[in-house]
Every structure is written in C-alpha cells, then in structure tokens.
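Architecture and fold: a report
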Amino acid sequence: MANIQDELLNVGIERDVHCGNCGYNLRTRPLIGKCPECGNDYNSRSAYQEGIFRHGSVTFPAATSGLLLLCAGASWASLHQAVVAGVDWAYMPGAAFVLLGLRAVLTWIRQIRLYRRYCRVVRTVES
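Small disclaimer: the values here were computed from a predicted structure and weren't measured.

1. A few points about the overall build of the protein chain
- The secondary structure content of the protein chain amounts to three helices and two strands.
- Along the protein chain, helices and strands appear, N-terminal first, in the series α-β-β-α-α.
- Within the protein chain, counting contacts between residues at least 6 apart in sequence, those at least 24 apart form 42% of the total.
- For the protein chain, the accessible area works out to roughly 8,700 Å², and carbon and sulfur atoms hold 59% of it.

Printed below as a string of structure tokens:
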C-alpha cells in the first residue's frame, strides 16, 4: 500500500501558487516539497497552506507601532515624574513601561522584517 506522502509527491500543482519566501511560481511542482529557487519547504494542500505566498496575508504592523509609541510616552511621563518631581512610586510603572516598550520594539522589528519580505515577494509575483 502506497504512503499518502508518496502519493502527494506525485501530484502536481495545477494553479499558480508562489513560494512564500522568494515568489517562485510552483505550478507543476509536487503538492509538498522544496522550492527549487530558494529551498523553502512548502505544503500547498488546501488544508495546510504552509510556506506559500497568500496575497494580503501580511499587513503593516500599525497596532504594534501604536503600542510602541504609547509605551514610550507612558515610560517617559512616569520616569519624568520620578526624577524631576521626586515622586518615588513613579519608578515602578516607568520601569514596567520601559520593559513593555522593549518587548514591543523587538516584536515591531520582527513584524517589519516579515512585512518587507512580503512586499518583496509581492513585487516578484506581480512582475
């Protein structure tokens, strides 16, 4: 009895499906495999859709940008109160907002990298 994975390797993709990493058109390639252009693993079965390009799947991280600005303002205000006005209790929320802001920066950087890669693949697919 044949393995399902082996059967899927013999079936080709019948529509335009692009690699999620480089934008290479995977038409006629197996449903599960590696992109011949960049080596990215993909699975184009309709239930999984991993490693392939889906138009509109990534947007600019506006919510994370807003959180980043909110944390910067709140931490500045709290630490300003603590240092200038001498309010001792303001150090704790200020430190918490600084830590939350650092986490937001790391998340924002990761999301911007993903968004830039997505834009690069969009340009490749549409050209």
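Moving on, there is more to tell.
2. Remarks on the packing of aromatic side chains
- Counted according to the given criterion, the structure contains one aromatic pair.
- Look at F60 and Y115: their rings are 5.6 Å apart centre to centre, the planes differ by 85°, and that puts the pair in the edge-to-face class. Taken together, the residues span a long stretch of sequence, with F60 in the loop between β2 (41-43) and α2 (62-84) and Y115 in helix α3 (residues 91-126) at a distance of 55 residues.
- On the accessibility criterion, F60 (44% relative accessible area) is partly exposed.

3. Here we look at the nonpolar core
- In terms of nonpolar packing, the biggest core is built from eight residues, these being I13, V17, C19, C22, L26, L31, C35 and Y42.
- Counting five residues, the second largest nonpolar core, distinct from the first, contains F53, V58, Y118 and V121.

4. Details of a nonpolar patch on the surface
- A contiguous nonpolar surface patch, about 330 Å² in accessible area, is contributed by L67, L70, F97 and L100.
- Secondary-structure assignment places L70 in helix α2.

5. What about the environment of R29?
- On the secondary structure map, R29 appears in the loop between α1 (4-10) and β1 (32-34).
- Using a relative accessible area of 30% as the deciding quantity, one classes R29 as partly exposed.
- R29 sits 17 residues away from G12 along the chain, and the two C-alpha atoms are 5.1 Å apart.

6. Brief notes about α2
- For α2, built from 23 residues, the straight-helix expectation of 33 Å at 1.5 Å per residue is met to within 8% by its first-to-last C-alpha distance of 32 Å.
- On its buried face, α2 sits against α3.

7. With respect to the side chain of S65
- Inspection of the secondary structure assignment puts S65 in helix α2.
- Apart from residues lying up to four places away in sequence, S65 is in contact with F60 and W108.

8. Describing the pattern of salt bridges
- Here the structure, examined in full by the defined rule, presents two salt bridges.
- Here D16 and R27 are joined by a salt bridge, their closest N and O atoms 3.0 Å apart. Of the two residues, D16 is situated in the loop between α1 and β1 and R27 in the loop between α1 and β1; the sequence distance between them amounts to 11 residues.
- Residue classification places D16 among the partly exposed positions, given a relative accessible area of 49%.
- For R27, a relative accessible area of 39% puts it in the partly exposed group.
- With a closest N to O distance of 2.8 Å, D41 and K34 form a salt bridge.

9. Digging into the packing of α2 against α3
- At their nearest, the axes of α2 and α3 sit 8 Å apart, and the two run at 155° to each other. With respect to their mutual orientation, α2 and α3 come out roughly antiparallel. Considering the relative orientation of α2 and α3, their crossing is left-handed.

What counts, and at which threshold
Residues numbered from 1 in each chain as written. Predicted model: local features only at pLDDT ≥ 70, side-chain atom pairs only at ≥ 80, totals over all residues. Heavy atoms only, no water. Helix = DSSP H or I, 4+ residues; strand = E, 2+ residues; numbered from the N terminus. Contact = heavy atoms within 4.5 Å. Areas by Shrake-Rupley, 256 points an atom, 1.4 Å probe, with all protein chains shown as cover. Phe/Tyr/Trp six-rings, centres within 6.5 Å; stacked < 30°, edge-to-face > 60°. Buried < 20%, exposed > 50% of the residue type's maximum accessible area, 1.4 Å probe, protein only. Core = buried A, V, L, I, M, F, W, Y, C linked by side-chain atoms within 4.5 Å. Patch = residues over 30% accessible without salt bridge, like charges linked within 9 Å, V, L, I, M, F, W, Y side chains within 5 Å. Salt bridge = Lys/Arg side-chain N within 4 Å of Asp/Glu carboxyl O. Expected span 1.5 Å × (residues − 1). Axes fitted to C-alpha atoms, helices over the stretch in contact; angles between N-to-C directions. Parallel < 35°, antiparallel > 145°, perpendicular 65-115°, else oblique. Left-handed = near helix turned anticlockwise from the far one by under 90°.

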